[in-house]
Amino acid sequence: MSEAATMERPARPKRQPKPRARATAESLSRQQRDISVSEFFAKNRHLLGFDNPRKALLTTVKEAVDNALDACEEAGTLPNIVVAIEELHAPALRANGDAQASKRSAAAAPSRYRVTIADNGPGIVRKQVEHIFGRLLYGSKFHRLKMSRGQQGIGISAAGMYGLLTTGRPMVIHTRPDARKRAHHIELAMNTKTNRAEVTVDRETDDFPIARLRDLSPGTRELAGRDELLAPEVFSTGTSVSIELEGKYQRGRGSVDEFLELTAIANPHARITFVPPAKGASAPDEEEPLLNDTKEASAPESDTQTAESEPPASITTLELPGVTVFPCGIDELPPETKEIQPHPRGIELGMLLQMLKDARQARENTSLYAFLQEQFSRVSAASAAALCKAIGVTSRSRVADIDHAAAERLFHELQTFKLPPPPTNCLAPIGVRQLLAGLLKGVKAEFYAASSRDPAVYRGRPFQIEAAIAYGGDLPRDEPARVIRFANRVPLQYQQSACSSFKAVVDTKWRNYDLQQPKGSAPIGPLVIMIHVASVWVPFTSESKEAIADYDEIRKEMKLALQECGRKLGTYLRKRAKMKREGERRDVFERYIGEISRSCEALTGAAAKEVYEALQRQAKRRTAMADQVLDDEGKVVKEEFDESVLIVEPTSSAQPEAAAAESVPGRSRAGGTAESDRAPAAKGQPAAPAPNRMKKGSTEKPGGKAERPRDAQASSATPKRAGKPNPRTHGRSSDSKPRGDSEGLFEDSGR
């Protein structure tokens, strides 16, 4: 065909696209279906703390330990908890490729672990096992106003769901609620579509406590041989849960090891036995846990240390091959808490309408007068009658007769009516003595202070703030202060910057207490800050319970507690700096006393010894500040110190202390007694001993020896004493001797 004919061919019309089918109301309605809460959290498991393998392992241990502690305390039993992590298989290396890259990839890949937590609590009745371990948002703590570690009924069932998703293995539960009967062995898996558990194994067994846990390591076999691990008489009742999951075990900050160490600090009444994986990893670039190394902490400081100066065995962490034991520090449970009713100031209008509706359905003839007294705390009979009168009804008016307008008037009256604050017997704070004992055990410092605020209220819910600080000692001096956060005795290890506790630390003006603080940051220096929030309902920022919401009332109480501790620290540092300056003045005097004494003897014939002693007395009188003993308010005292402050003498050699003293205002370099504090003796006679200045909580024995208090809590909060004088009593350093010829003064004069 010719080119002209081709050009004359008409173009084909374009094909029109088919119209797209539009959705209709009927087609959209067929796509709608309800979403199970377990199905939602299976897709959003990062909300529960399972966003990476290392954190997933920690969250699993945390939720199980919290439940175990709550169960034991409610049953009135001292908790004895065993945490065992077994590595089932290591990640496989690649068959080809770079060997080093394969090893790095294998180290970063998660491994499969079996996590087992056993307790000696009351156990769980058989019909409740599926609901507790196989359903999300099911529990006994959500609807009650009483301090507890668990709140939402999500944690342990979410851990089982994560294990099922990553390994396909069900949870294994052993529980014995009756010591006279056999234990129940149940294996179950959660159906995320229905939020219900599917039981695959259900039988009775005599294997409780689980015998396999006694043979995991040489340390467990040694403890089991002494009946100190899973003893049948101790675990006559209780529960154990085993979960297989993909995780990553690694020591350091934010690890299982640190969580258990901090839990032992906040719960000194609990005994916790930890069996780590046989091949536990510890990355070299990871920071070490907060607490001191166990072996170093338990080793004696010197061969001459007395029996009174050694810490009690009950608070010494025991480390054996393949097992670590955090024993009981005290043999008493925390104060028993009681459930309270909501406070009228903490409710909202919708909540009040629902409460009125529920009361009407429960009992139709309920009067408003009785309703106010039964459903709210701190509403007396007189207050209920006054509230009824204020909204224009009588005390005999029924709840069913209260319409929406009357309910709104009642709500506004409840917000303005003068009522007492809610009761505080629903809280169980740690206590000042135990805060100091925990810091003293875990942090090597020279100054400790604690503060406990009076209970306060947010949204009608009572809460109490406790704070403690540790300063100096072996803490790093060029790094930001370490902030340790607790909520209802549970450590919070993640999302620090989003937590109200950390924001309160940043808002506190630490420069007023002689500390460096960059703008918008924590203070810089050798400082550890501990904050504990005790409440019937802790307002966490997410379901993973890692940070506390920033309520104004809570942050205000935190700042006040920190400021109280800061004032004690600032007073201590300022007074110590002044004592140091006075000691340096004395050094200047003493530097020339020997030469002046000899010159006076040559000129006037006066005895050099008498001149020396007179000048020495004048130097001490004019610099008496260097020998004073201070309390937590900076006042001179001659008696025991306040129980909220501890100051310990350094235990290291003089050389490290000398270097530390130069960077800490007012800190003596050696902590020993300076020669200038001893009066010069005649030749052949012993020098007069230095005065023995004592610290808080000690009583004096003949010979100047400090005796430890007998009380168990006091002994745990009292520092070690090895017969050394208190460094606070010397503003001058111990190595600054009189620099004249005072040592040979009397030998030259023949005295």
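As the structure is a computational prediction, the values presented were derived from the model and not from experiment. (Residues numbered from 1 in each chain as written. Predicted model: local features only at pLDDT ≥ 70, side-chain atom pairs only at ≥ 80, totals over all residues. Heavy atoms only, no water.)

**Focus on unusual backbone geometry**
Condition: The helix and strand labels rest on DSSP assignments: H or I over at least four residues marks a helix, E over at least two residues marks a strand, and numbering proceeds from the N terminus. Per-residue accessibility, obtained with a 1.4 Å probe over protein chains only, is compared with the maximum for each type, and a residue is labelled buried under 20%, exposed over 50%, and partly exposed between these values.
The omega angle of the peptide bond from Phe208 to Pro209 is -5°, so this bond is cis rather than trans. Within the secondary structure, Pro209 is located in the loop between strand S5 (196-205) and helix H8 (218-225). Its identity as a non-glycine residue notwithstanding, Arg459 has a phi of 50°, on the positive side. Its place among the elements puts Arg459 in the loop between strand S11 (456-458) and strand S12 (461-471). For Arg459, a relative accessible area of 38% translates into the label partly exposed. Here Gln495, not a glycine, exhibits a phi torsion of approximately 55°, which is positive.

**Observations regarding the nonpolar core**
Convention followed: Definition of nonpolar core: a set of buried residues of the types Ala, Val, Leu, Ile, Met, Phe, Trp, Tyr and Cys, connected through side-chain atoms within 4.5 Å.
If you look at the biggest cluster of nonpolar residues, it comprises 46 residues, and the most contacted ones within it are Val61, Phe133 and Leu260. Counting residues per element, this core draws most heavily on helix H4 (residues 53-74), which supplies 8 residues. Among the nonpolar cores identified, the runner-up in size contains 40 residues, and Ala456, Val483, Ala487 and Phe502 belong to it.

**Quick look at the sheet that holds strand S3 (residues 171-176)**
Selection rule: A strand pair is defined by DSSP finding two or more bridges across the two strands. To get an axis, a line is fitted to the C-alpha atoms, and for a helix only the part in contact is used. The angle between two axes follows their N-to-C directions and goes from 0 to 180 degrees. The criterion used for residue contact is that any of the two residues' heavy atoms lie within 4.5 Å.
An order of S5-S4-S3-S6-S2-S1-S7-S9-S8 is seen for the 9 strands of this open sheet, with the pairing classed as mixed. Two strands in the sheet have a free side with no partner beyond their single neighbour: S5 and strand S8 (318-320). Each adjacent strand pair in this sheet contributes to an overall mean axis angle of 15°, direction not counted. For strand S4 (residues 183-191) and S5, the ladder comprises 9 bridges, and the chain directions are antiparallel. By the bridge assignment for S5, Met190 is matched with Ala197. Taken strand by strand, helix H7 (residues 155-167) contacts strand S2 (111-119), S3, S4 and strand S6 (238-247), and its axis lies near 40° from that of S6. Of the strands in this sheet, strand S1 (80-89), strand S7 (271-275) and strand S9 (323-326) are in contact with helix H9 (residues 256-266), which crosses S7 at around 170°.

**A few points about empty space enclosed by the protein**
To locate leftover empty space, one rolls a probe as large as a water molecule over the atoms. The condition is simple: Two kinds of site are reported from a 1 Å grid over the protein atoms alone, namely cavities, where a 1.4 Å probe fits but cannot get out, and pockets, open sets with protein on both sides within 12 Å along at least five of seven lines, and residues are called lining when an atom falls within 4 Å of a point. Grid points are joined across faces, edges and corners, and a volume is the space filled by probe spheres set on the points. Note on residue classes: Ala, Val, Leu, Ile, Met, Phe, Trp, Tyr, Cys and Pro are nonpolar, Asp, Glu, Lys and Arg are charged, and everything else, Gly too, is polar. Note that domain bounds follow an automatic or database assignment of domains.
Enumeration according to the criterion identifies 6 cavities of 30 Å³ or more in this entry. Each pocket or cavity is described by its volume, and for the second largest cavity that value is around 80 Å³. Considering the residues around the second largest cavity, the lining is formed by Lys55, Leu58, Thr59, Lys62, Glu63, Pro491, Gln493, Tyr494, Ser544 and Glu546. Here the element with the most residues in the lining of the second largest cavity is H4; it accounts for 5 residues. Per-class residue counts for the lining of the second largest cavity are 3 nonpolar, 3 polar and 4 charged. Looking at the lining of the second largest cavity, you find at least three residues from each of domain 1 (41-279) and domain 3 (428-702).

**Side note on the confidence of the model for the protein**
To keep it simple, the criterion reads: Predictor confidence is given residue by residue as pLDDT, running from a minimum of 0 to a maximum of 100.
Of all residues in the protein, 74% attain a pLDDT of 70 or more, and the chain-wide mean is 77. Overall, residues 281-289 carries pLDDT values under 50, and its contacts beyond four positions in sequence, including any with other chains, amount to 18 contacts. Contacts of residues 293-314 to residues separated by more than four positions or lying in other chains number 32 contacts, the stretch itself having pLDDT below 50.

**Some words on the pairing of S7**
Where burial is concerned, most of S7 is hidden: 5 out of the 5 residues are buried. Burial along S7 is two-sided: Arg271, Thr273 and Val275 facing one way and Ile272 and Phe274 facing the other are all buried. The pairing of S1 with S7 spans 5 bridges and is classified as parallel. The partner of Ala84 across the bridge, within S7, is Val275.

**Regarding the packing of aromatic side chains**
Selection rule: For this analysis, a ring pair means two rings from Phe, Tyr or Trp (six-membered ring only for Trp) whose centres lie within 6.5 Å, classed as stacked if their planes differ by under 30 degrees, edge-to-face if by over 60, and tilted for the remaining angles. Remark: a charge is flagged as sitting over a ring if the NZ atom of Lys or the CZ atom of Arg is within 6 Å of the ring centre and within 35 degrees of the ring normal.
Taken as a whole, this structure holds 9 aromatic pairs when the rule is applied. For the ring pair Phe40 and Phe41, a centre distance of 5.2 Å and an interplane angle of 75° mean the geometry is edge-to-face. Residue Phe40 is classed as partly exposed on the basis of its relative accessible area of 39%. Owing to a relative accessible area of 5%, Phe41 belongs among the buried residues under this scheme. Plain terms: the ring middles of Tyr458 and Tyr551 are 5.1 Å apart, the flat faces sit at 50° to each other, and that makes the pair tilted. In this pair, Tyr458 is assigned in strand S11 and Tyr551 in the loop between strand S15 (527-535) and helix H17 (552-604), connecting sequence segments 93 residues apart. The partly exposed category is assigned to Tyr551, whose relative accessible area is 24%. Aromatic rings pair up to connect Tyr458, Phe463 and Tyr551 into one cluster. Lying over the aromatic face of Tyr494, Lys55 brings its terminal NZ or CZ to 4.7 Å of the ring centre.

**Let's talk about the side chain of Thr237**
Spelled out, the test is: Counted as a polar contact is a pair of N or O atoms within 3.5 Å, where, for protein atoms, one must be capable of donating a hydrogen and the other of accepting one, and residues adjacent in sequence contribute only when both atoms are in side chains.
Position of Thr237 among the secondary structure elements: in the loop between H8 and S6. Within the structure, Thr237 has its side chain in polar contact with the backbone oxygen of Gly121 (distance 2.8 Å). Contacts of Thr237, omitting those with residues within four sequence positions, involve Asp119, Asn120, Gly121, Pro122, Arg176, Pro177, Asp178, Ala179 and Phe208.

**Some details on H17**
Short version of the rule: Helix span is expected to be 1.5 Å times the residue number reduced by one. The angle separating two fitted axes, one through the seven residues that finish at a residue and one through the seven that start at it, defines the bend at that residue.
For H17, built from 53 residues, the straight-helix expectation of 78 Å at 1.5 Å per residue is met to within 8% by its first-to-last C-alpha distance of 75 Å. Ile593 marks the point of greatest bend in H17, at about 40°. In the stretch just after H17, Gly605 is the one whose phi turns positive, near 85°.

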